[in-house]
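Working through the structure, step by step
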Amino acid sequence: MRTLRSAVTVGILTVGAAVGLYFAYEFVTQYRVEGGYRAWALIDDARGLVTRSRVLMAGISVGSIESLALERGKARVDMRIRPDVTLFCDATLAKEATSLLGEYNISLTRGTDERCEKPENAALECCKLCRSQPAGGSCFIPDGGRIEYVIESTSIDQVVQRAGSMAVELQRISAGVADVVADVRLVSQRAAAIFGTD
């Protein structure tokens, strides 16, 4: 009887684990975009990003990360974007935290159509390509095109480094304040001795 109970318990746990894995797989793959077009960007730090992470615009899922790779010392993020979402040449990308556990998503802004006409955007590859096309068309990032405007977020390591340098600076300032207080004390003692007051 005891052996049968152990076998049933193991069977129930196995089925429960299989069901849990299935739902975890479905949760992860729900963000995958079929069709659409590809866009990519180079970022300094890809920690917390994984393939199939969501790509958001205005908080709405518009794509997913297809791959992450190292390119020229930076992280290359390849994304698949829904076909109904267009990105202009000056679209921006930012990595945003989604939880305190270190999970991140990519957030995009669409950009504007008239930016390729401005001189400061003349160097954008997308704008160069757009200007080489017949006039009258909008300047969209093409399939396989690069998102060149990246807003880098501050990492926890950078915050800790800044806090460390601030602590050193605060120690230096407090030593200076202590010197000023000692000088004020000395001046007040001398003034008391000269004027005969406490």
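In this numbering scheme, every chain counts its residues from 1 along its sequence in written order. The model is predicted, so local features are restricted to residues of pLDDT at least 70 and side-chain atom pairs to those at 80 or more, both for listing and for counting; the totals for chains, interfaces and linings are taken over all residues. Working from all heavy atoms in the structure, the side-chain values ignore hydrogens and water.

A few points about the pairing of strand S2 (residues 54-57)
Any two strands with at least two DSSP bridges between them are considered paired. Starting at the N terminus, helices and strands are each numbered in turn, a helix being any DSSP run of H or I of at least four residues and a strand any DSSP run of E of at least two. In terms of strand pairing, S2 meets strand S3 (residues 60-71) through four bridges, oriented antiparallel. Following the sheet pairing, Leu56 is matched in S3 by Ser61. Joining the antiparallel neighbours S2 and S3 is a turn of two residues, in which Ala58 adopts a positive phi near 55°.

Focus on the confidence of the model for the protein
Here pLDDT means the predictor's own confidence in every residue, given as a number from 0 to 100. Scored by pLDDT, the protein has a mean of 81; 84% of the residues are at 70 or more. Here helix H1 (residues 2-29) stands out as the element of the protein with the lowest mean pLDDT, 69, in contrast to strand S4 (residues 74-81), whose mean of 95 is the highest.

Structural notes on the packing of aromatic side chains
The aromatic pairing rule takes the rings of Phe, Tyr and Trp, using the six-membered ring of Trp, and pairs them if the centres are within 6.5 Å, calling planes under 30 degrees apart stacked, those over 60 edge-to-face and the rest tilted. In total, this model carries one aromatic pair according to the counting rule given. Taking 4.8 Å as the distance between ring centres and 25° as the angle between the ring planes, the aromatic pair formed by Phe88 and Phe140 counts as stacked. Taken as a pair, Phe88 in the loop between S4 and strand S5 (92-97) and Phe140 in the loop between helix H2 (125-131) and strand S7 (145-146) lie far apart in primary sequence, 52 residues in all. For every residue, the accessible area (1.4 Å probe, protein chains only) is compared with the maximum for its type, and the residue is labelled buried under 20%, exposed over 50%, or partly exposed between those bounds. Exposure remark for Phe88: the relative accessible area of 7% places this residue in the buried category. Lysine and arginine charges are scored as sitting over a ring when NZ or CZ, respectively, is within 6 Å of the ring centre and within 35 degrees of the ring normal. Over the ring of Trp40 we find Arg76; its NZ or CZ atom is 3.9 Å from the centre of that ring. Stacked on the ring of Tyr104, the Lys or Arg Lys95 has its end atom at 4.4 Å from the ring centre.

Re the environment of Thr112
Checked against the element boundaries, Thr112 lands in the loop between strand S6 (104-109) and H2. Its relative accessible area of 29% is what places Thr112 among the partly exposed residues. Between the C-alpha atom of Thr112 and that of Cys139, which follows or precedes it by 27 residues, the distance is 8.8 Å. Among residues more than four places away in sequence, those in contact with Thr112 are Phe88 and Asp90. By the convention used here, residues are in contact when the closest approach between their heavy atoms is within 4.5 Å.

Section: the sheet that holds S2
Pairing between sheet strands relies on hydrogen bonds along the backbone, with the strands arranged either parallel or antiparallel. As summarised here, the arrangement of the eight strands in space is S7-S1-S4-S3-S2-S6-S5-S8, forming an open sheet in which the pairing is mixed. Because the sheet does not close on itself, it has two edges, and the strands there are S7 and strand S8 (149-151). With three bridges connecting them, S5 and S8 associate as parallel partners. Across the sheet, residue Leu93 finds its bridge partner in S8, namely Val150.

Details of unusual backbone geometry
Negative phi values dominate among residues other than glycine, just as trans dominates among peptide bonds. Unlike most non-glycine residues, Arg52 shows phi in positive territory, near 75°. Mapped onto the elements, Arg52 comes out in the loop between strand S1 (37-43) and S2. Under the relative-accessibility criterion, Arg52 is labelled partly exposed at 28%.

Structural notes on the side chain of Arg76
Along the polypeptide, Arg76 turns up in strand S4. N or O atoms closer than or at 3.5 Å make up a polar contact, with two conditions inside protein: a donor-capable atom paired with an acceptor-capable one, and, for residues adjacent in sequence, both atoms drawn from side chains. There is a polar contact of 3.2 Å between the side chain of Arg76 and the side chain of Glu71. A polar contact of 3.1 Å, which involves the side chain of Arg76, links it to the side chain of Asp78. Those residues within four positions of Arg76 in sequence are excluded, and the remaining contacts are Trp40, Ala41, Leu42, Ser67, Leu68, Ala69 and Glu71.

Section: the nonpolar core
Only buried residues count toward a nonpolar core. Its members are Ala, Val, Leu, Ile, Met, Phe, Trp, Tyr and Cys residues joined through side-chain atoms within 4.5 Å. Of all hydrophobic cores here, the largest spans 28 residues; its most connected members are Met79, Leu108 and Ile147. Put simply, the parts of the chain that give this core at least two residues each are S1, S2, S3, S4, S6 and H2.

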